[in-house]
Amino acid sequence: MDRIARAKESEENAKGHVTYATCVGTRLPLPSYKIVADVLKLRSPLVPPATANTHAHTNDESSTSFTPWKIIIITNTTSTKKGEFLLLSLSCAGIFYMDTFRRLPKPLRSTAPHGNLRKRKHSAVVDDRSPSTAPKASDALPLPLHLTNAVFFTLFFSVAYYLLHRWRDKIRNSIPLHIVTLSEIAAIVSLIASFIYLLGFFGIDFVQSFIARASHDVWELNDTNPNYLINEDHRLVTCPPANISTKTNIVSAPPKLPASEPIITPLASEEDEMIVNSIVNGTIPSYSLESKLGDCKRAAAIRREALQRMTGRSLEGLPLEGFDYGSILGQCCEMPVGYVQIPVGIAGPLLLDGREYSIPMATTEGCLVASTNRGCKAIYLSGGATSVLLKDGMTRAPVVRFGTTTRAAELKFFLEDPHNFDALAVVFNRSSRFARLQGIQCSIAGKNLYIRFSCSTGDAMGMNMVSKGVQNVLEFLESDFADMDVIGISGNFCSDKKPAAVNWIEGRGKSVVCEAIIKEEVVKKVLKTDVALLVELNMLKNLAGSAVAGALGGFNAHAGNIVSAIFIATGQDPAQNVESSHCITMMEAVNDGKDLHISVTLPSIEVGTVGGGTQLASQSACLNLLGVMGACKESPGSYSRLLATIVAGSVLAGELSLMSAIAAGQLVKSHMKYNRSSKDVSKAAS
Ligand code: ADP
């Protein structure tokens, strides 16, 4: 076999080892030696060129670009042996392998040390952005990883031994060392390849352990600054140990923050100055300021100043003035240092059940208010929407444990027996004049019983009320079920602030359905689309698409957007947006296919008009705008129920408009116009 054929064979071998590698071979003749230059161009098998450049965060050119590898083989024509080419092939394979090994896509924003790559090969831990079926570097190997390691180890030591042996002979025979045969060249290449492999595999991890340790030291030094040692802050534990990143492969070392200057703002009095110093030194706990000073505004100002000095970070931009700090004391927020401003926009009028409402929406998402407003207009021009409140009951489900499953079952039967309901309701309802027990649903898991109490709560969202009622019942049960061990007042069968099928199926808070028939000309002129397109999109996106995604209560386009914006404006608990946004949107062509019937069903809207954040000035103003501020004197519970229907009606408007925008292909266009700042953000930041 001539050298060219063998060189080709070597290329083929290499291709076999690395799926995506391409080889280009050229030959350069010399008088007594031949130089074969193989320019090997490699591409990472894990990053296709078309998508590689989209990883703008990586900033790593080498992960996407082609790298030429030039191997010059000087060989005496007569001394070429099969064994030499075998060695050469192995070397090429090694270099190919090194390339694939190095070019794993870097995690976005990750500064994880390269040593992680080794861990990635050993463990099943994968980047959570990559599908688990993504090719790994080791996939390119014809052998299992441990065998590959063994091959390279053997190769390294055997060629090292061979070369030393050869050079000793040359020295003995007075042959110049730089005159080398093909076998020596192959041995040198093999030595380098195996060395690079072993260094990459074992060495970098070792080196990185020093680098990681060094960066961790920097954090430790900062943290031991006495100014940071405030007991309540526990700043020492905020920096994760460096080895976390190497273990999990996901968590990277925290970014090093630029050094900060101490910020000192003059205070109103010398006394305030002393208090700030005491907080900075840790002699006065920050949380005690309100009770010690008896002045909530002053407490917030002092805390804010102490915070700026401790962190060296300015809070300029976070307003302090213009807020009643007394109104949040013991109810809404602890240790305040200011308040965040969120703009409130108005959508509407929403014509719902024959009345008009202007919908306050607190949001920073451009387009949202405008889009909801368009939906309101379409509903208005079509004669308005209608809502029905199906259910109104807040739930709380404690978990209790017994010694046996039989005893747990006995309590279940007792609680679900209609004969016992009245007695239990009397005990439960003692919690508040507004709390009225509606039902008890039990679920058993072994010896543990989950008891889901449901009750009406007047105009309050009702979590406090229902919890008190549950406490009363548990105390009452202790006489008959003395062996009952109350594990927790909430056993997650409630289920609060988490997506759960129980809320989706059984409902929680207010369950509302809302509908409208949108006229054909309104669909065309206001929504700029047509009925058939909307119906098809709804079926494929909100129903089939959500089913494909395995949605739980998410059979809608963006109910969460409208629910969150109204929740924030009206002082609801924003975390309850989770279950309050559960919604199924249905669309159907009616009146001979000309008009659109649209409905939204939200089984767990959790709202109140008293308690929590609803009593704060801004939030009260928004509730007042809707005509549902505070408690309804004539019919307790009417305001909160009305608010729930307004939320559902607004969701209807939001769904209508966004779905139309998508059907008409306007979504991206309108977002580019209203949801993109034209300001130069980098300049703004500086
Ligand atoms: P939640 O139970 O939603 O956390 P809170 O317990 O904070 O609510 O607020 C409810 C309080 O408001 C209770 O003390 C209750 O007695 C009082 N309240 C006054 N009027 C009403 C009303 N119409 N509906 C419900 N609660 C009311």
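Everything numeric in this text was worked out from a predicted model, so none of it was measured.

Peer 1: When you look at the site of the ligand in this model, what are you seeing that I'm missing?
Peer 2: In the vicinity of the ligand lie 15 residues, with Phe 434, Asp 459, Met 461, Gly 462 and Asn 464 positioned nearest. Here Gly 462 contributes a backbone N or O atom positioned 2.6 Å from an oxygen atom of the ligand. The separation between an oxygen atom of the ligand and a polar main-chain atom of Met 463 is 3.4 Å. For the ligand, the accessible surface in isolation is 570 Å², of which the surrounding protein chains cover 74%. Among the residues making up the shell around the ligand, the classes are represented as eight nonpolar, six polar and one charged.

Peer 1: Help me understand the packing of aromatic side chains in this model?
Peer 2: Note on aromatic pairs: each is described by the distance of the centres and the angle between the planes. Taken as a whole and judged by the stated rule, the model has 10 aromatic pairs. The structure contains a cluster of three or more aromatic residues connected by ring pairs, namely Phe 153, Phe 156, Phe 157 and Phe 195.

Peer 1: Mind showing me how you'd approach the confidence of the model for the chain here?
Peer 2: Any region with low pLDDT has predicted coordinates that should not be read closely. Mean pLDDT for the chain: 78, with 68% of residues reaching 70 or above. Segment residues 681-686 is flagged for pLDDT under 50; beyond a separation of four residues in sequence, or across chains, it makes zero contacts in the model.

Peer 1: In this structure, what is going on with the packing of helix H18 (residues 559-570) against helix H21 (residues 638-663)? I would like to understand it.
Peer 2: Packed helix pairs are specified by the crossing angle of their axes together with the interaxial distance, meaning the distance between the axes. Taken N-terminus to C-terminus, the directions of H18 and H21 make an angle of 135°; their axes are 9 Å apart at the nearest point. It follows from the interaxial angle that H18 and H21 lie oblique. Taken as a pair, H18 and H21 cross one another with a handedness that is right-handed. Residues Ala 559, Ile 562, Val 563 and Ile 566 of H18 form the contact with H21, whose own contacting residues are Val 647, Ser 650, Val 651, Gly 654 and Glu 655. For the contact of H18 with H21, the class distribution of residues is six nonpolar, two polar and one charged.

Peer 1: Would you mind going over the nonpolar core with me for this structure?
Peer 2: By size, the foremost hydrophobic cluster in this structure holds 51 residues, and its most contacted members are Ile 359, Met 361, Ile 518, Leu 596 and Val 651. Formed by 29 residues, the second largest nonpolar core is a distinct cluster that contains Ala 425, Phe 428, Ile 451 and Val 473.

Peer 1: Teacher, can you tell me more about a nonpolar patch on the surface here?
Peer 2: On the surface, Leu 164, Trp 167, Ile 171 and Leu 177 cluster together into a nonpolar patch covering about 410 Å² of accessible area. Here Leu 177 shows up in the loop between helix H5 (145-173) and helix H6 (182-223).

Peer 1: Would you take a moment to explain helix H12 (residues 405-416) for this structure?
Peer 2: One full turn of an α-helix is made of 3.6 residues, so residues set three or four places apart face in the same direction. Between its terminal C-alpha atoms H12 stretches 16 Å, which fits the 16 Å expected from 12 residues at 1.5 Å a residue. Where H12 is concerned, the buried positions are Ala 408, Ala 409, Leu 411, Lys 412 and Leu 415. Projected down its long axis, H12 carries its buried residues within an arc of 160°, all on one side. Away from its buried face by more than 90 degrees, H12 exposes Thr 406 and Phe 413.

Cut-offs applied
Residues numbered from 1 in each chain as written. Predicted model: local features only at pLDDT ≥ 70, side-chain atom pairs only at ≥ 80, totals over all residues. Heavy atoms only, no water. Near = heavy atom within 4 Å. Polar contact = N/O pair within 3.5 Å; in protein donor to acceptor, adjacent residues only side chain to side chain. Areas by Shrake-Rupley, 256 points an atom, 1.4 Å probe, with all protein chains shown as cover. Nonpolar A, V, L, I, M, F, W, Y, C, P; charged D, E, K, R; others polar. Phe/Tyr/Trp six-rings, centres within 6.5 Å; stacked < 30°, edge-to-face > 60°. pLDDT = per-residue confidence, 0-100. Contact = heavy atoms within 4.5 Å. Axes fitted to C-alpha atoms, helices over the stretch in contact; angles between N-to-C directions. Helix = DSSP H or I, 4+ residues; strand = E, 2+ residues; numbered from the N terminus. Parallel < 35°, antiparallel > 145°, perpendicular 65-115°, else oblique. Left-handed = near helix turned anticlockwise from the far one by under 90°. Core = buried A, V, L, I, M, F, W, Y, C linked by side-chain atoms within 4.5 Å. Buried < 20%, exposed > 50% of the residue type's maximum accessible area, 1.4 Å probe, protein only. Patch = residues over 30% accessible without salt bridge, like charges linked within 9 Å, V, L, I, M, F, W, Y side chains within 5 Å. Salt bridge = Lys/Arg side-chain N within 4 Å of Asp/Glu carboxyl O. Expected span 1.5 Å × (residues − 1). Arc of directions from axis to C-beta.

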